[in-house]
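Observations on chain architecture
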Amino acid sequence: MKNDDEQIGLILNRRDALILLGATGATLITGCSAGETPDASARTTSNSTSGAAANSSVASAPGCVVRPAETEGPYFVDEKLNRSDIRSDPSDGSIKDGTPLELTFNVSQLAKNSCAPLAGAVVDVWHCDAEGVYSDVRDPRFFDTRGKKFLRGYQVTDASGKVAFKTIYPGWYEGRTVHIHFTVRTNPAAASAHEFTSQIYFDDAMNNKVFENPPYSSKGKRTMTNEQDGIYRENGAQLILALKPAGSGYAGTFDIALQTS
């Protein structure tokens, strides 16, 4: 995997974000070309923003935090699987084993000096299984899972800008720290569609805790921490997902706001 992310993001509070928008009219998310094939080199999205921190005084929506875009990587496949539970493989009905993870996105839109829920946005997620394997791709170094579709799917944000996925805590593979890929697309069928692509990370202490247990423990000790990952070192600290216990696993909410015009 090509570690070629070069995006730099800043954490802004609501006041700073609104000053930036009002003073510059800057476009903080850009359109992207169609995805490359799974075996192609990693692709990045440029000059994108995202973010949200709870603030009910702004259009009953979260405040605005700039989050950096990161490389899409070579493993994106537009499967068009509209589903909230991505643990299963539609090809054979099998369920991926791993620590349960409830992943929620709250998507908002920066517009007219406010931050409001963004309905109708398509949120794709994809990540590896407990063994570090992705579905429906061929990587000559590690695996060939073409035809499988586990741990992939999308949801469309509701009126409150929310989507939720049931998945498992991702494993690790050589050359990367633990992560989940995601893309948010607005009006994906239109010529004016916008796309924001980035990655979600986890605290290393949490990674260590999860990987002490099966099925992760059978893979052995991971070879890369967050700070050893070149992509993470650019801006990954701004993309860590805070988790809380939920049943036999964990739950986390990722807030993200986009400017699409």
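Treat the numbers as computed from the prediction; the structure is a model and nothing was measured.

This part covers unusual backbone geometry. Looking along the chain, the bond that leaves Pro-214 and enters Pro-215 is cis, with omega of 5°. Unlike most non-glycine residues, Lys-80 shows phi in positive territory, near 55°. As for its placement among the helices and strands, Lys-80 is situated in the loop between helix H1 (14-24) and strand E1 (100-111). In this model, Leu-151 sits at a positive phi of 55°, which is unusual for a non-glycine residue. Inspection of the secondary structure assignment puts Leu-151 in the loop between strand E5 (143-144) and strand E6 (152-156).

Next up on the list: helix H2 (residues 204-211). Within the sequence span of H2, burial applies to Asp-204, Met-206, Asn-207, Val-210 and Phe-211. All buried residues of H2 lie within an arc of 155° about the axis, which places them on one face of the element. The inward-facing, buried residues of H2 contact strand E11 (249-258). Put simply, Asp-203 is the residue that caps the front of H2, since its side-chain oxygen is 2.9 Å from the backbone nitrogen of Ala-205.

Below, the discussion takes up the confidence of the model for the chain. Any region with low pLDDT has predicted coordinates that should not be read closely. Looking at the chain as a whole, its pLDDT mean stands at 79, while 72% of the residues score no less than 70. For the stretch residues 1-63, pLDDT sits under 50, and the model shows 169 contacts to residues farther than four places along the chain or on other chains.

All right, on to the sheet that holds E6 then. What the four strands build is an open sheet, ordered E6-E3-E8-E9; its pairing is antiparallel. The sheet terminates laterally at E6 and strand E9 (194-201), the two strands that pair on one side only. On average, each strand axis in the sheet is tilted by 20° relative to the strand beside it, whichever way the strands run. Two strands pair when backbone bridges link them, and strand E3 (residues 122-126) and E6 are joined in this way by five bridges, in the antiparallel orientation. By the bridge assignment for E6, Val-123 is matched with Gln-155.

In this section: empty space enclosed by the protein. Counted under the stated rule, the structure contains two cavities of 30 Å³ or more. As a volume, the second largest cavity reaches approximately 50 Å³. In this structure, the second largest cavity is lined by Phe-76, Val-77, Glu-79, Lys-80, Leu-81, Asp-124, Val-125, Trp-126, Arg-152 and Gly-153. Those elements that provide at least two residues to the lining of the second largest cavity are E3 and E6. By residue number, the principal contributor to the lining of the second largest cavity is E3, which donates three residues. Here the residues of the lining of the second largest cavity are counted per class, giving five nonpolar, one polar and four charged.

Cut-offs applied
Residues numbered from 1 in each chain as written. Predicted model: local features only at pLDDT ≥ 70, side-chain atom pairs only at ≥ 80, totals over all residues. Heavy atoms only, no water. Helix = DSSP H or I, 4+ residues; strand = E, 2+ residues; numbered from the N terminus. Buried < 20%, exposed > 50% of the residue type's maximum accessible area, 1.4 Å probe, protein only. Arc of directions from axis to C-beta. Contact = heavy atoms within 4.5 Å. Polar contact = N/O pair within 3.5 Å; in protein donor to acceptor, adjacent residues only side chain to side chain. pLDDT = per-residue confidence, 0-100. Pairing = 2+ DSSP bridges. Axes fitted to C-alpha atoms, helices over the stretch in contact; angles between N-to-C directions. 1 Å grid on protein atoms, 1.4 Å probe; cavity = no way out; pocket = protein on both sides within 12 Å on 5 of 7 lines; lining within 4 Å. Points joined across faces, edges and corners; volume = space filled by probe spheres on them. Nonpolar A, V, L, I, M, F, W, Y, C, P; charged D, E, K, R; others polar.

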